[in-house]
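An overview of the molecular structure
Single-letter residue listing:
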Amino acid sequence: MNDSLLPIESISDTAFGIAIARAIESDRLDANFCDPLARMLGGDRGEKFILALGGPPDKAGLAVAIRTCLIDEAIAQSIRSDGVDTVLNLAAGLDTRPYRMSLPASLQWIEVDLPAIASYKQEKLASEKPICNLKIVPLDLTNLSLRNQLFAQVSAASNKVLIITEGLLAYLTSEQVGSLAIDLRRYVNFRWWVCELASPFLMQQVQKKWGKSFNAANAKLQFAPAEGPKFFARYGWRTRQYSNFLQEAPRLNRDVPFGSLLRQKPLFKDGVVWLEQQN
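Residues numbered from 1 in each chain as written. Predicted model: local features only at pLDDT ≥ 70, side-chain atom pairs only at ≥ 80, totals over all residues. Heavy atoms only, no water.

In this section: the side chain of Arg 67. Take Arg 67: it is sitting in helix H4 (residues 62-82). Excluding residues within four positions of it along the chain, Arg 67 makes contact with Ile 18, Glu 166, Gly 167, Glu 196, Phe 245 and Val 272. (Helix = DSSP H or I, 4+ residues; strand = E, 2+ residues; numbered from the N terminus. Contact = heavy atoms within 4.5 Å.)

Counting across every chain of the model gives nine aromatic pairs. Ring plane angle 75 degrees and centroid distance 5.9 Å describe the contact between Phe 151 and Phe 190, whose orientation is recorded as edge-to-face. Here the residue Phe 151 occupies a position in helix H7 (residues 144-156), and Phe 190 occupies one in strand E5 (residues 190-197), the gap between them amounting to 39 residues. Here Phe 151 matches Phe 190 in class, with each residue buried. Arranged with centres 5.3 Å apart and planes meeting at 75 degrees, the rings of Trp 193 and Trp 237 form a pair that is edge-to-face. In this pair, Trp 193 sits in strand E5 while Trp 237 sits in strand E6 (residues 237-244), placing the two residues 44 residues apart along the sequence. Assigned by exposure class, Trp 193 and Trp 237 land together as buried. An aromatic cluster of three or more residues is present, and its members are Trp 193, Phe 223, Phe 231, Phe 232, Tyr 235 and Trp 237. (Phe/Tyr/Trp six-rings, centres within 6.5 Å; stacked < 30°, edge-to-face > 60°. Buried < 20%, exposed > 50% of the residue type's maximum accessible area, 1.4 Å probe, protein only.)

This part takes up the nonpolar core. In this structure, Leu 88, Leu 90, Val 112, Leu 169, Phe 190, Trp 193 and Phe 232 are the most contacted members of the largest nonpolar core, which totals 32 residues. Sequence-distant contacts of Leu 90, defined by excluding residues within four places in its chain, comprise Val 112, Leu 141, Phe 151, Ile 163, Ile 164, Thr 165, Glu 166, Leu 168 and Leu 180. Residues Ala 65, Leu 70, Trp 109 and Cys 132 belong to the second largest nonpolar core, which totals 25 residues. (Core = buried A, V, L, I, M, F, W, Y, C linked by side-chain atoms within 4.5 Å.)

Bringing the packing of helix H1 (residues 13-27) against helix H2 (residues 38-52) into the picture now. Axis separation between H1 and H2 bottoms out at 7 Å; the angle between their running directions is 110 degrees. Considering the angle they form, H1 stands roughly perpendicular to H2. Facing H1, whose interface residues are Asp 13, Thr 14, Phe 16, Gly 17, Ala 19, Ile 20, Ala 21, Arg 22, Ala 23, Ile 24 and Asp 27, H2 presents Ala 38, Arg 39, Leu 41, Gly 42, Gly 43, Arg 45, Gly 46, Glu 47, Phe 49 and Ile 50. Classifying every residue of the contact of H1 with H2 gives ten nonpolar, five polar and six charged. (Axes fitted to C-alpha atoms, helices over the stretch in contact; angles between N-to-C directions. Parallel < 35°, antiparallel > 145°, perpendicular 65-115°, else oblique. Nonpolar A, V, L, I, M, F, W, Y, C, P; charged D, E, K, R; others polar.)

Okay, here's the thing in structure tokens:
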């Protein structure tokens, strides 16, 4: 499998492709969700990214569509059953959940991302009205001092906080993920954490196909713990729910990239993990 070149210059470029993947799902007659803002946000930059992935465009974003659905479901359930009053979305990219999901008007939704992507998003969505109370924070999450200042501020202003890290952890080292887990664990009201998890096998396949492009853009794909969701237990987080992409795909009438290969792997652990703080 030869490496394919992707139009990516920085880690933020992936956000544009992911937005187009959501737009492709939204255009389907059997769409699992509707994101009317996705194509506008993704723009030509995102379209080029999807085309560069190769294969039929409607197949390129299937994993994104599945991931989006599973995280949507976790968010809705946590708000409904746990009384979450604040969602803290780290490395939010071009996510539009505050505009498209059925959310309480009183919900506080805080998005954090690099200044360039945050500014672009605010400009594009200036005429749109979010369903809940939305705040966008331009911040480089690798700045640990500013990151912890933000966490302290959010904790002081909230009661029950749900953390989202969609499309972030794969770009971090195990040590960086552990550091984030420790920092989040310091705040007792940061009760739940929804993230995605890649398996070593799938990470290997992605690296073979697109690794050079990601590495050249300083966006190396790294985090894929062999122990799966159990990785987080050492940092004080237990698994509340684990939704395996391969197992959930039939329910959503979708498939995942490398599906035929993955079905031969009994230890396939790619999916969405819903964590909660251990007492």
